[in-house]
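An overview of the molecular structure
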Amino acid sequence: MAVMDSKKADATQASLHRIFTVPEAPDSTLGRIEKEISENLNAFLQTHIAAREKPLAEIEKDFSCADIPESPSFVSDHTHFLLDKLVAQSVHTSAPTFIGHMTSALPYFLMPLSKIMIGLNQNLVKIETSKAFTPLERQVLGMLHNLIYDEDERFYAQWMHSANHSLGAFCSGGTIANITALWVARNNALRPDGSFRGVAQEGLFRAMKHYGYEDLAVLVSERGHYSLKKAADVLGLGRDCLIPIQTDSDNRVCVDQMRAKLESLKQQNVRVFAIVGVAGTTETGNIDPLDALADLAAEYDCHFHVDAAWGGATLMSNKYRPLLKGIERADSVTIDAHKQLYVPMGAGMVIFKNPASMSAIEHHAEYILRKGSKDLGSHTLEGSRSGMAMLLYASLNIISRPGYEMLINNSIEKARYFSELIKAHPDFELVTEPELCLLTYRYLPARTQQALAISNTAQKELLLDALDDLTKFIQKRQRESGKSFVSRTRITPEKWDRKLTTVFRVVLANPLTTEAILQDVLEEQTQIAQESEKSYPLIMNMTESILANA
Ligand SMILES: *Cc1c(COP(=O)(O)O)cnc(C)c1O
């Protein structure tokens, strides 16, 4: 045994053996942390995450050494380092006052269940390394398929566990889900035909020669998520081939404009192989007219994909489900469980209406994923994957559909409450109404609103620019002071002639966020506004001079 009284341990066979066989003692640093986390996670986070932010440049200094340590650290020493330097400077995403993220608080039961998942360390790429986890994941995909498409029992009995079919793919998130959906769509559009063995085998260049298309394209609203651009890039289409279509004043894609684009591209011999509807845009939470898009997809023979990464969980609510009407006509749907299904990060899904769709990307190998095996890896972009589906499975059982409905309904209704609060406040402007639990707004003093109404073009321009600066200032200062957090984005409101406008963005998904918290957020923002030494006085002076000269 090495002597362990110095600050540094030695890398010995014995100490290595220990870390694989001897658990951390209950009174060790990690043992105590585990106890704190399981007894009161919120208190643990409250205690260990620093209230005030350190500048990123400062934090970087703690993570600046590129050497892999030549001698091991003791677990407790290293844990102290992590608590001080990492945990303390992380983000308290589950705080009820942090209302700017799409991911929020998690139910308690997921902590111990996650330990089981990590302890078992299954690999879902194949049955050999996952056994019962494979049917479990297939069942989860079936449950989500049922939520979207509502097929009968016979359908699921026939397809859920069928070796040569797949109702979808579980993956790390909405990005991989969207890439997978467009991958399937591309391969089905450029499928084997006569002597041509398909794009999957022969590549885009030969596929285009065979089919004689001038180009390929995918259409989506200008509010489409940036992951679709990555998809266009990795699938060899190029980002230009993801064509943004204008949205209306409610941030929903203009169907007429999409139709016009489909028609003109068809005239140019450009094959639009997919159109994407967004069900819950990331910036404003609005839902495209999915039924009308399904009609277009049928008319122009395109794959219809719905990106419901964030909004898809709304299907759990019988009350608000009709907002997503038409989603049941989609060929594929993306849903992130790590957003509104309250599962930890790393849980995305793409679900396909037709159990045969995914054969377009099927991949077999000799040592695993043999033909006819039920290995999930034959239909996924990713290879090795964790047993994350277990956490969603447990949540679906423990929370149940009506439980999720309550969570979803409460979030939407809380967003409506907040929007009323903003509208009733003389010094704020609601920029986008919440359709789901997401809204945008900004600080806009009452007198400045009056001034804007009568200002000339140049004055308006100046005022709006200063307001953008002020919104940025308030959002940053609020985040830095650590009490509460809203996010910020830039959108093009109809009301301001589609000028790019900086707004606060709020997502009300945390069930622990109260009405009082929302009132405090506005109050804090009002106060911070006046602390701005540049934009606030500028706005006030301009406002008064415009009003005085009116
Ligand atoms: C979050 C989101 C994505 C991307 O999902 P990740 O899990 O971050 O990869 C895609 N589309 C929409 C609409 C989203 O909200």
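All figures in this text were calculated on a predicted structure; none of them were measured in a lab. (Residues numbered from 1 in each chain as written. Predicted model: local features only at pLDDT ≥ 70, side-chain atom pairs only at ≥ 80, totals over all residues. Heavy atoms only, no water.)

On to the confidence of the model for the protein. Mean pLDDT over the protein stands at 94; residues scoring 70 or higher make up 98%. Counted against residues more than four places away or in other chains, residues 1–6, with its pLDDT under 50, gives six contacts. (pLDDT = per-residue confidence, 0-100. Contact = heavy atoms within 4.5 Å.)

Let us look at the packing of aromatic side chains. Under the criterion given, the structure shown has nine aromatic pairs. Here the aromatic rings of Phe428 and Tyr443 are separated by 5.4 Å at their centres, their planes lie at 75°, and the arrangement is edge-to-face. Here Tyr443 lies in strand S9 (residues 438–443) and Phe428 lies in strand S8 (residues 428–432), a separation of 15 residues in the sequence. Of the two residues, Phe428 and Tyr443, neither departs from the other in class, the shared state being buried. (Phe/Tyr/Trp six-rings, centres within 6.5 Å; stacked < 30°, edge-to-face > 60°. Helix = DSSP H or I, 4+ residues; strand = E, 2+ residues; numbered from the N terminus. Buried < 20%, exposed > 50% of the residue type's maximum accessible area, 1.4 Å probe, protein only.)

Right, let's get into the site of the ligand. Inspection of the region around the ligand gives 15 residues, with Gly174, Thr175, Asp307, Asp336 and Lys339 positioned closest. One of the side-chain nitrogen or oxygen atoms of Asp307 is found 2.7 Å away from a nitrogen atom of the ligand. The contact in question runs from an oxygen atom of the ligand to an N or O atom on the side chain of Lys339, over 2.9 Å. In the complex, the protein chains occlude 87% of the 390 Å² of accessible area that the ligand would expose alone. (Near = heavy atom within 4 Å. Polar contact = N/O pair within 3.5 Å; in protein donor to acceptor, adjacent residues only side chain to side chain. Areas by Shrake-Rupley, 256 points an atom, 1.4 Å probe, with all protein chains shown as cover.)

At their nearest, the axes of helix H16 (residues 457–481) and helix H18 (residues 535–548) sit 9 Å apart, and the two run at 150° to each other. In terms of their interaxial angle, H16 and H18 are classed as roughly antiparallel. For H16 against H18, the interelement crossing comes out left-handed. Facing Gln459, Leu462, Leu463, Ala466, Leu467, Asp469 and Leu470 of H16, the residues of H18 in contact are Ser535, Tyr536, Leu538, Ile539, Met542, Thr543 and Ile546. (Axes fitted to C-alpha atoms, helices over the stretch in contact; angles between N-to-C directions. Parallel < 35°, antiparallel > 145°, perpendicular 65-115°, else oblique. Left-handed = near helix turned anticlockwise from the far one by under 90°.)

Right, let's talk about the UniProt feature "modified residue: N6-(pyridoxal phosphate)lysine" (unreviewed entry) in the protein for a bit. According to UniProt, the positions carrying the feature "modified residue: N6-(pyridoxal phosphate)lysine" (unreviewed entry) are Lys339. Of note, Lys339 is situated in the loop between strand S6 (332–336) and strand S7 (348–352). For Lys339, a relative accessible area of 15% translates into the label buried. Of note is the side chain of Lys339, whose polar atom sits 3.3 Å from the side chain of Asp336. (UniProt positions renumbered as here; feature names shortened; annotations may be inferred.)

What follows is about the environment of Arg442. Note on placement: Arg442 falls in strand S9. We classify Arg442 as buried; its relative accessible area is 0%. Spatially, the C-alpha atoms of Arg442 and Phe428 are 5.8 Å apart, while their sequence positions differ by 14 residues. Of the polar contacts made by the side chain of Arg442, one reaches the side chain of Glu429; its length is 2.8 Å.

Judged by side-chain charge, Lys472, Lys476, Arg488 and Arg490 come together as a positively charged surface patch. Those elements that place two or more of their residues in the positive patch are H16 and strand S10 (487–491). In this fold, Lys472 is placed in helix H16. For Lys472, a relative accessible area of 36% puts it in the partly exposed group. (Patch = residues over 30% accessible without salt bridge, like charges linked within 9 Å, V, L, I, M, F, W, Y side chains within 5 Å. Salt bridge = Lys/Arg side-chain N within 4 Å of Asp/Glu carboxyl O. Lys, Arg positive; Asp, Glu negative; His and termini not counted. Charge placed at Lys NZ, Arg CZ, Asp CG, Glu CD.)

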